[in-house]
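Residue strings, one per chain:
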Amino acid sequence: MQKPGYYGQWGGAFIPEVLYETFKELNAAFTAAKADPAFWQEYVDLMATYSCRATPLTHADNLSRHFGGAQIFIKREDLNHTGAHKANNVMGQGLLVKRMGKKRVIAETGAGQHGVATATMAAKFGLECTIYMGEEDVMRQRPNVFWMEKLGAKVVPVTSGSKTLKDAINEAFRDWVTRMDDTHYVMGTVCGPHPFPEMVAWFQSIIGQEAHQQIIKQFGSLPARVYACVGGGSNAMGIFQGFLDHGEVELIGVEAGGHGIDSGQHAARLASKDASAGVAQGYHTMFLQNDDGQMMDTHSVAAGLDYVGVSPILTDLWQQGKVRFEAATDQEVMEALELTMKREGIIPALESSHAFVQAYKEAGDMEADEAIIINMSGRGDKDIFTVAHAFDDPSWKEFIIKKGAEYAA
Amino acid sequence: MQLEQSIRAELDRPGKDILLMTHIVLGYPSLDINREVVRQMVDNGVEIIEMQIPFSEPMADGPTIVRANQEALEAGTTVRECLEFAEDMCKEHDISFLFMTYYNILYKYGVEAFFKKAKEIGIKGFIIPDLPPEEGEEFWALASQYDIAPTLIYAPTSTEERMQELAANARGFIYCVARKGVTGKQTDFDASFDQYMARCRRNTSLPLAVGFGISCRDDIAYLTGKADIGVIGTATINLVDDKGPEAVGPFIASLR
């Protein structure tokens, strides 16, 4: 019999003993919530009135014509409150926190979207909030730090390890083992120890449920392919769950190719041959690690994809051949982002732009009576500093220099 | 049974009311300094040393040991070097040596190959803070096959029911974490700690080690009669950082 929390051989709960009772309580609360239709209804109502669900499915007719192949549809998670799919998971866990009666939430964040979403939820539900963020990501995503602080959260820059997402996760666990009695750890993705992968996937499944209904209504049949970027994998799991039971729909996860798969500077766990099985951060999956089992430094222009591990659920689906994995390089991402802005007036996040890259590579070779869906996990205007820097935009630089001089004066 | 027997034998010696277990992070600040630190510890009566094989994601450790892990790895410390060093230590010193590390180090080496190697070297036990009994069926079977004690951890949050489950799987001793949180912060010893220790004692027949925030003679004196082993971790790492390895001997001698 399959052990709970396992997906094939992947997953598990490799947790310090001090958290044993905390996980027992969390598992019980989650199991009860999942079995209670009123809980899901409360969640859907909250997302409809506080966020912007159902998010639209947009037919990108200009881009469809541009590539001359498949009809391209974009699932607009960018229109969720706080600008990304992250809100789905966070508001769901917020309702669970209320049920458990905890007073404080903590979270890790990479790009800052999960941090902003958690700070927002904490403000709405009246919870104390601390966000752990790698020092390198604090630098990359300064505007999100500003908003988290303004929303009332304490942002703690993490200076250990590679100073990115994985280190923020370690630090959040260190906080949790100290204050588990009044604190819930709002894990941001479908990774970490059980029940987090199952729980986050459940809250995110709302994306796939909507997308399934929307594509049938708007296009008349199921899509041929569905594309999603994969960091930890929560937006991908969210949309894929709407189509997993339909073998004719091909599911494609797109990882961060960074400077290229051959450069070693990337975060492609399943699309490259560089990852191997391991146990870290509380779960068993494929990690980018060396022969000793030490995690390697990863690279991506997108902070939210810059992570050593990947969802155990996706690793299992990959192993079963149910999800194909590809990688998009930093440079391809910038090109896809520019094209999407110019042709459709839509600004995908750098993370989401990875999914667009692969869709654009394939759309032209498909038939006009086929549809594809790209999951646009978040909006790109949060990345203004990184995007402007990557485009080497002269007028933006001039503005920053002037502003700097103004503050220095 | 080997580890528990050596602990019992030490405790039976006249005047030995509590044993000392110390902790080093292999490769921090260097294996050469580790060698000197171990010598000073052994010469001054330490009965058990846990040698931490550094890992890039030391989730259960506090800032001092996190930094030590990171710097050991940045200096290029490998698992193979750690094993070679451990082999030297087991040959040179007649005390009990344990490996403390995270599960991925064993997993990546090959869990059985790691047990085999550790047995050859003369290691008596493992402390793996991220491997609960529910996850390690292979690990527990190999531990009895190779007679290496898989120690387990009690925490102040552990219920009596859980303590009994853990005791059924553990060998050697039980590592009682003195408080919530990570390694390296001061622990307040009070009535609730005494109740916790009584709860630990009720639920296992194994010797009890107490660690987390134990740093001075007063702490060891307080633990004597309540615990069988006092664990000094972060305190000696800080001491080596501040005063060099030669300060370790006098510090250890001052503890009991």
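Residues numbered from 1 in each chain as written. Chains lettered and ligands numbered in written order. Predicted model: local features only at pLDDT ≥ 70, side-chain atom pairs only at ≥ 80, totals over all residues.

Asker: Talk me through the overall build of chain B; I want residue IDs and the actual numbers.
Answerer: Counting its secondary structure elements, chain B contains 12 helices and 9 strands. Its C-alpha atoms give chain B a radius of gyration of 17 Å, near enough to 18 Å, the size a compact globule of 256 residues would have. Overall size of chain B, expressed as C-alpha extent along the three principal axes, is 45 × 40 × 35 Å. Looking at chain B residue by residue over its 256 residues, the buried ones come to 52%. Relative to all contacts within chain B whose residues are 6 or more apart in sequence, the contacts with residues 24 or more apart total 75%. (Helix = DSSP H or I, 4+ residues; strand = E, 2+ residues; numbered from the N terminus. Rg over C-alpha atoms; globule rule 2.2 N^0.38 Å. Buried ≥ 20, exposed ≤ 12 C-beta atoms within 10 Å, placed from the backbone. Contact = placed C-beta atoms within 7 Å.)

Asker: Any details on the interface of chain B and chain A? Residues and values, ideally.
Answerer: Tallying the contact residues gives 30 residues for chain B and 26 residues for chain A. When contributions to the side of chain B that touches chain A are tallied by element, the ones reaching two or more residues are helix H3 (63-74) and helix H5 (103-109) of chain B. Considering every element that reaches the side of chain B that touches chain A, the biggest residue donor is H5 of chain B, with 5 residues. Residues that form the side of chain B that touches chain A fall into these classes: 16 nonpolar, 8 polar and 6 charged. (Nonpolar A, V, L, I, M, F, W, Y, C, P; charged D, E, K, R; others polar.)

Asker: So what's going on with the sheet that holds strand E3 (residues 57-59) of chain A? Residues and values would help.
Answerer: Sheet strands pair via backbone hydrogen bonds, and the direction of the pair is either parallel or antiparallel. Residue and element names in this part refer to chain A. Pairing in this open sheet of 6 strands is mixed, and the strands run E3-E4-E14-E9-E10-E13 from one edge to the other. Each end of this open sheet is capped by a strand with a single partner; those strands are E3 and strand E13 (323-329). The average undirected angle you get between the axes of adjacent strands in this sheet is 25°. Relative to E13, strand E10 (residues 250-258) is paired through 7 bridges, and the arrangement is parallel. In the sheet register, Gly253 faces E13, and the bridge partner there is Phe325. Packed on one face of the sheet, helix H12 (residues 330-344) meets E10 and E13 and runs near 90° to E13. (Pairing = 2+ DSSP bridges. Axes fitted to C-alpha atoms, helices over the stretch in contact; angles between N-to-C directions.)

Asker: Just give me the short version of the domain arrangement of chain A, but keep the residues and values in it.
Answerer: Residues and elements named next belong to chain A. Partitioning chain A into structural domains gives domain 1 (7-48 + 85-196) and domain 2 (54-83 + 205-389). Its C-alpha centre places domain 1 at a distance of 22 Å from the equivalent point of domain 2. On the domain 2 side, the residues contacting the 36 residues of domain 1 number 41 residues. Secondary structure elements with two or more residues in the side of domain 1 that touches domain 2: strand E2 (10-11), helix H4 (86-100), helix H5 (113-125), helix H6 (135-140), helix H7 (142-150) and helix H8 (165-178). Residues belonging to the side of domain 1 that touches domain 2 are distributed by class as follows: 16 nonpolar, 15 polar and 5 charged. (Domains from an automatic or database assignment.)

Asker: Can you explain the environment of Asp383 of chain A? Please cite residues and give values.
Answerer: Residues and elements named next belong to chain A. Looking at the element boundaries, Asp383 is found in the loop between strand E14 (371-376) and helix H14 (384-391). The exposure class assigned to Asp383 is buried, which follows from the 29 C-beta atoms found within 10 Å. Measuring from C-alpha to C-alpha, the distance between Asp383 and Ala84 comes to 12 Å, with 299 residues separating the pair along the chain. If we skip the residues at most four places from it in the chain, Asp383 touches Ala349 and Leu350.

Asker: An account of helix H9 (residues 191-202) of chain B is needed here, citing residue identities and associated values.
Answerer: All names here are of chain B. With 12 residues, H9 ought to run about 16 Å at 1.5 Å a step, and its terminal C-alpha atoms sit 17 Å apart, in line with that. Listing the buried residues of H9 in full gives Tyr196, Met197 and Cys200. An end-on view of H9 places all buried positions within 100° of arc, on one side of the element. In H9, the exposed residues that point more than 90 degrees away from the buried face are Ala191, Asp194, Gln195, Ala198 and Arg202. Summarising the contacts, the buried residues of H9 are in contact with strand E6 (152-154), helix H8 (160-169), strand E7 (174-177) and strand E8 (208-211). (Expected span 1.5 Å × (residues − 1). Arc of directions from axis to C-beta.)

Asker: So, the packing of H3 of chain B against helix H11 (residues 234-243) of chain B: which residues are in play, and what are the values?
Answerer: Residue and element names in this part refer to chain B. It is at 9 Å that the axes of H3 and H11 come closest, and there the two elements cross at 60°. Relative to H11, the element H3 is oriented oblique. Considering how the two elements wind past one another, H3 and H11 form a crossing that is left-handed. Across from Thr64, Ile65 and Ala68 in H3, the residues of H11 making contact are Thr234, Ile237 and Asn238. Here the contact of H3 with H11 is composed, by residue class, of 3 nonpolar, 3 polar and no charged. (Parallel < 35°, antiparallel > 145°, perpendicular 65-115°, else oblique. Left-handed = near helix turned anticlockwise from the far one by under 90°.)

Asker: Report on H3 of chain B, specifying residues and quantitative values.
Answerer: Residue and element names in this part refer to chain B. Helix length check: H3 (12 residues) gives 16 Å between terminal C-alpha atoms against 16 Å at 1.5 Å per residue, within 8%. Turning to H3, its buried residues are Thr64, Ile65, Val66, Ala68, Asn69, Gln70, Ala72 and Leu73. Buried positions along H3 lie against strand E1 (19-25) and H11. Of the residues flanking the end of H3, it is Gly76, one or two places downstream, whose phi is positive at about 95°.

Asker: Help me get a handle on the nonpolar core, residues and values and all.
Answerer: Ile72, Val226, Ile372 and Ile374 of chain A together with Ile174, Cys176 and Ala209 of chain B are the most contacted members of the largest nonpolar core, which totals 217 residues. Among the elements that take part in this core, helix H9 (residues 196-219) of chain A stands out by supplying 10 residues, more than any other. Mapping this core onto the domain boundaries places at least three of its residues in each of domain 1 (7-48 + 85-196) and domain 2 (54-83 + 205-389) of chain A. (Core = buried A, V, L, I, M, F, W, Y, C linked by C-beta atoms within 7 Å.)

Asker: Just give me the short version of unusual backbone geometry, but keep the residues and values in it.
Answerer: Note the cis peptide between Arg53 of chain A and Ala54 of chain A, where omega equals 0°. The topology assignment puts Ala54 of chain A in the loop between helix H2 (37-49) and E3. Omega for the bond connecting His194 of chain A with Pro195 of chain A falls within 30 degrees of zero, at 15°, which places this linkage in the cis form. At Lys163 of chain A, a position not held by glycine, the phi torsion is positive, near 60°. You can see Lys163 of chain A is positioned in the loop between strand E7 (154-158) and H8. The backbone of Asp147 of chain B shows a phi angle near 50°, a positive value even though the residue is not glycine. Tracing the backbone shows Asp147 of chain B in the loop between helix H7 (137-146) and strand E5 (149-150). Residue classification places Asp147 of chain B among the partly exposed residues on the basis of 14 C-beta atoms within 10 Å.

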